[in-house]
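Topology and contacts: notes
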Amino acid sequence: MNAVNATKNPAGGIRIEGLRKVYGHGDTAVEALKNVNMAVAPGEVVGLVGPSGSGKSTLLKCLGAIIEPTSGRMYLGDELIYDNGWTSSDLRALRRDRIGFVFQAPYLIPFLDVTDNVALLPMLAGVPNGQARSRAMELLTALDVAHRAKAEPSQLSGGEQQRVSIARALANRPPVILADEPTAPLDSERALAVMRILNQMAQQAQTAIIVVTHDEKIIPTFKRIYHIRDGQTVEERGEGRAL
Amino acid sequence: MISLAGRDILHSWGKFALTGLGLGLLIGVTLTMAGVYRGMVDDAHALITNSGADLWVVQQDTQGPYAESSSIKDDVVRSVRGMPGVSQAANVTYFTLQVQGASGDDKRVMVVGIEPGQPGEPGYLLAGRQISRNHYEAVADIRTGFALGETIRIRRHGYTVVGLTQRMVSSGGDPMVFIPLKDAQESQFLKDNDAIENDRARTAANPAFNRPGVPGLLQAVQALQSSSHSVNAVLVQVQSGWLPERVAEPIRRWKHLSVFTRAGMEDILVAKLIATSAKQIGMFLAILALVSAAIVAFIIYTMTLGKIREIAVLKLIGTRNSTIAGMILQQALGLGLIGFVVGKVAATVWAPVFPKFVLLLTQDAVTGLLATLLICALASTLAIRVALQVDPAEAIG
């Protein structure tokens with residue numbers, strides 16, 4: 001395993017330096033993240049693996065601008081995040097426009113059809129409905145679920161739902177996508193299909209993708225893997241098996 | 001931007017429709033209660049207007065004849081007719097009792113004793129004619145259910161219904177039956193045969209009324225006991241150009257009677273007679289509003305709890321708090337709107353068959369709609385509070 005090269009500074013992508021997160025105060029304080037360093041370049045898909053309680057979720061929340069780290073720096077492209085000048089409104093806009101999320105379960109909005117589930121993000125960003133839906137259809141076509149565009153989420157298979165959730169994550173063309181166990185509920189074939197899609201999308205849109213996973217089926221597909229243990233990350237070169 | 005609330009309502013329309021139906025029936029009851037109050041006020045106004053009187057002359061220090069009992073002698077009318085400014089004056093009696101129709105069914109009515117062609121007579125007829133004989137004819141309000149030509153029984157006597165009128169009701173909402181004054185006076189104070197015999201025996205046993213050597217005294221006293229010369233009020237119409245209050249004042253001063261103008265009678269009927277009922281209805285409206293608010297709050301709250309994960313996802317992907325709050329608020333308002341439409345339709349459908357007169361006014365409907373929307377908006381605050389407290393991190397786990 002190699003130590004993380006924290007000095008790597010990709011144009012775009014995401015980079016964190018010396019990230020710490022402490023929950024609580026005084027005697028009850030728990031240091032969930034200790035001096036975490038990580039960098040993911042545009043177009044790259046990296047894995048983040050670690051046992052339960054290692055700090056994966058906390059790191060994901062810090063990367064996703066959901067919780068603020070206690071100290072350290074995070075760059076999105078060349079822009080420094082968490083420099084005390086960011087309001088909750090700014091962070092919300094950041095999550096909407098520049099970070100895409102893919103969850104273990106798709107968590108599609110059940111009362112919106114497939115197209116509007118994907119188009120919702122651009123609409124929230126102020127894109128006119130027509131343009132947002134066109135963008136959604138492009139993504140659904142690219143992910144091979146355009147034929148289910150008018151279906152409700154409950155009418156889709158698990159694989160289709162996950163592809164729609166990937167389309168949603170890509171809807172605002174974010175420079176970074178955070179995927180939390182995206183293949184956990186899927187069988188091998190579908191899990192590898194999802195990874196293939198993520199890699200294609202990373203290449204096409206030059207998106208930096210971080211995949212948090214326990215899934216042994218997909219770990220060999222990463223070229224780089226960050227192992228997290230006791231709140232610290234260690235970088236490892238992956239097999240990078242072809243998809 | 002698409003309407004998240006609208007989509008959710010369309011997606012779960014069955015749940016919204018059923019909840020809206022339940023809420024609507026509650027709103028229907030609320031609108032009906034308001035309509036009952038309006039009906040009572042309208043009945044009071046109808047009673048005043050349809051009497052055709054400008055002044056009500058009643059027993060001194062009473063607020064008769066509708067709100068309190070009033071008894072004056074029937075010859076008072078002659079002296080009232082001679083007062084300045086009086087155009088017409090007529091005796092009238094009012095009493096409420098059960099009247100038996102031809103079918104044998106009892107109907108609670110207010111029997112009004114009138115002098116034909118004088119104030120107090122029903123202003124217009126739907127069918128038939130006015131009373132033209134001095135005995136045993138009646139004009140009935142259509143709500144009594146009596147038919148033209150039907151013989152109805154009031155105390156001991158049968159009366160033929162010769163005319164039908166409408167909106168002639170007592171302040172309590174009982175439909176009116178008009179009969180000749182003499183018959184009404186007899187019916188109002190009529191005793192049963194045993195009571196009459198008992199009274200005669202008592203009088204005969206009294207040596208003051210049964211003196212030897214004074215023939216006819218006992219019979220005269222007994223005749224006096226079994227006849228009535230009392231009425232409840234004298235209805236007065238004033239001459240044109242005279243102010244009712246100017247006509248009333250000398251009657252009060254010189255005849256030692258109470259006299260009420262139309263405004264005074266309205267005050268008695270609306271502000272005093274139905275004041276307790278109005279308070280009861282107001283209390284019911286307040287309780288119903290609270291129950292409606294609790295139902296809407298509970299429904300919206302549970303619906304929101306059922307969407308916590310979706311709300312967390314929405315917040316995670318950058319949805320503004322105002323958008324989420326707006327979604328919940330719109331759903332509450334949508335529920336209120338569905339409920340109001342159901343309630344309005346329900347109230348309109350059941351109002352005609354309601355035992356009391358229900359007057360559904362547009363202004364009450366508009367007020368009801370605004371109140372419903374306000375209650376729904378307030379009721380949604382609890383759910384909005386919960387939604388805004390949802391941590392976007394819950395979407396990640």
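As the structure is a computational prediction, the values presented were derived from the model and not from experiment. Residues take numbers from 1 onward in each chain, read along the sequence in its written order. Here the convention is simple: chains get letters from A, ligands get numbers from 1, in the order in which they are written. This being a predicted model, a pLDDT of at least 70 is required before a residue's local features are given, and a value of 80 or more before pairs of side-chain atoms are given or counted; all residues contribute to the totals for chains, interfaces and linings. As a convention, hydrogens and water are excluded, and side-chain values are obtained from all of the structure's heavy atoms.

Next up on the list: the overall build of chain B. Scanning chain B from N- to C-terminus turns up 12 helices and 12 strands. By the compact-globule yardstick of 21 Å for 397 residues, chain B is too spread out, its C-alpha radius of gyration being 31 Å. C-alpha atoms of chain B, sized along the principal axes, occupy 115 × 50 × 45 Å. Burial classes: relative accessible area under 20% of the type maximum marks a residue as buried, over 50% as exposed, and values in between as partly exposed (1.4 Å probe, protein chains only). Across the 397 residues that make up chain B, the buried fraction comes to 47%. Think of it this way: any DSSP run of H or I at least four residues long counts as a helix, any run of E at least two long counts as a strand, and we number them from the N terminus. Computation of the radius of gyration draws on C-alpha atoms, with the globule rule given as 2.2 Å multiplied by the number of residues to the power 0.38.

Look at R173(A): it is not a glycine, yet its phi comes out positive at around 50°. Along the chain, R173(A) turns up in the loop between α5 (158-170) and β7 (176-180). When its relative accessible area of 59% is taken as the criterion, R173(A) is described as exposed. If you check the backbone angles, D61(B) has positive phi at about 65° while not being a glycine. Exposure remark for D61(B): the relative accessible area of 71% places this residue in the exposed category.

All names here are of chain A. In short, DSSP must find at least two bridges between two strands for them to pair. Read across the open sheet, the four strands follow the order β2-β1-β4-β5; overall the sheet is antiparallel. Edge positions in the sheet fall to β2 (30-40) and β5 (79-81), since each of these pairs with one other strand and no more. Here the average twist between neighbouring strands, direction ignored, is 25°. By the bridge criterion, seven bridges tie strand β1 (residues 14-23) to β2 in an arrangement that is antiparallel. Note that in β2 the partner of L19 across the bridge is V36. Here an axis means a line fitted to C-alpha atoms, over the contact stretch when the element is a helix, while the angle between two N-to-C directions is reported on a 0 to 180 degree scale.

The next subject is the interface of chain A and chain B. Only heavy atoms enter the contact rule, under which two residues are in contact if any of them lie within 4.5 Å. On the side of chain B, 25 residues touch chain A, which itself brings 25 residues to the contact. A buried area of about 2500 Å², summed over both sides, lies between chain A and chain B, and 68% of it is on carbon and sulfur atoms. The term salt bridge refers to a pairing of a side-chain nitrogen on Lys or Arg with a carboxyl oxygen on Asp or Glu at a separation within 4 Å. A salt bridge links R7(B) to D116(A), with the shortest nitrogen-to-oxygen separation between them at 2.6 Å. Pairing of N or O atoms within 3.5 Å defines a polar contact, subject to two protein rules: one partner must be a possible hydrogen donor and the other a possible acceptor, and residues neighboring in sequence count only if both atoms are side-chain atoms. Inspection of the region where chain A meets chain B yields six residue pairs in polar contact (both at pLDDT 80 or more). Each of two parts loses accessible area, computed with a 1.4 Å probe, when they are put together; buried area is these two losses added.

This part takes up the environment of R81(B). Along the chain, R81(B) turns up in helix α3 (residues 76-81). Separated by 156 residues in sequence, R81(B) and Q237(B) have C-alpha atoms that sit 9.8 Å apart.

Residue and element names in this part refer to chain A. Here we have six strands laid out as an open sheet, ordered β6-β7-β8-β3-β9-β10, and mixed in their pairing. Two strands bound the open sheet, and with one partner strand each, they are β6 (99-102) and β10 (232-237). On average, each strand axis in the sheet is inclined to that of its neighbour by 20°, with strand direction left out of account. Of the strands in this sheet, β6 and β7 touch helix α2 (residues 88-98), which is tilted by about 70° from β6. This element, α5, spans β6 and β7 of the sheet and lies at about 170° to β6.

So, on to the packing of aromatic side chains. Two aromatic rings, drawn from Phe, Tyr or Trp (for Trp, its six-membered ring), form a pair once their centres lie within 6.5 Å of each other, and the interplanar angle then sorts them: stacked below 30 degrees, edge-to-face above 60, tilted otherwise. This structure, assessed with the given rule, holds four aromatic pairs over all chains. When the ring of Y66(B) is compared with that of Y94(B), the centres are 4.9 Å apart and the planes differ by 65°; the resulting orientation is edge-to-face. Residue Y66(B) is found in the loop between β1 (55-58) and β2 (72-73), and its partner Y94(B) is found in strand β3 (residues 86-100); the two are separated by 28 residues along the sequence. In this structure Y66(B) comes out as buried when scored by relative accessible area, which is 11%. Put simply, the rings of F101(A), F103(A) and Y107(A) pair up and form one aromatic cluster.

Moving on, we come to a nonpolar patch on the surface. Residue and element names in this part refer to chain B. A patch consists of residues whose relative accessible area exceeds 30% and which take part in no salt bridge; residues with like charges are grouped when within 9 Å of each other, and nonpolar side chains (Val, Leu, Ile, Met, Phe, Trp, Tyr) when within 5 Å. Note on areas: these come from Shrake-Rupley sampling with a 1.4 Å probe, and a residue is covered only by the protein chains present in the view. A cluster of nonpolar side chains, M283, I287, V291 and I295, forms an exposed patch at the surface whose accessible area comes to about 320 Å². For I295, the location among the structural elements is in helix α9 (residues 275-305). The class for I295 is partly exposed, based on a relative accessible area of 31%.

Residues lying three or four places apart along an α-helix face the same way, a consequence of the helix completing one turn every 3.6 residues. Residues and elements named next belong to chain B. The buried fraction of helix α10 (residues 308-316) amounts to eight of the nine residues, a majority that puts the element mostly inside the structure. Among the residues of α10, those classed as buried are I308, E310, I311, A312, V313, L314, K315 and L316. Directly beyond the C-terminal end of α10, a positive phi value near 100° is found at G318.

Residues and elements named next belong to chain A. Inspection of the secondary structure assignment puts D230 in the loop between β9 (224-229) and β10. Note on D230: relative accessible area 53%, which makes it exposed. Distance from D230 to S54, taken between C-alpha atoms, is 4.9 Å for residues 176 residues apart in sequence. Beyond its immediate sequence surroundings of up to four residues, D230 is in contact with K34 and S54.

So, on to the packing of helix α2 (residues 13-51) of chain B against α9(B). Residue and element names in this part refer to chain B. The geometry of α2 relative to α9 is characterised by a closest axis approach of 10 Å and an angle of 170° between their N-to-C directions. With respect to each other, α2 and α9 are oriented roughly antiparallel. Contacts between α2 and α9 involve K15, F16, T19, L23, L26, V29, T30, M33, A34, V36, Y37 and M40 from the first element and S277, A278, I281, F284, L285, L288, V291, S292, I295, V296, I299 and M303 from the second. Considering only residue class, the contact of α2 with α9 consists of 19 nonpolar, four polar and one charged. Angles are sorted into four bins: roughly parallel if under 35 degrees, roughly antiparallel if over 145, roughly perpendicular if 65 to 115, and oblique for all others. Throughout this entry, Asp, Glu, Lys and Arg are counted as charged residues, while Ala, Val, Leu, Ile, Met, Phe, Trp, Tyr, Cys and Pro are counted as nonpolar. The remaining residues, Gly among them, count as polar.

Worth remembering: the numbers are spatial, not functional.
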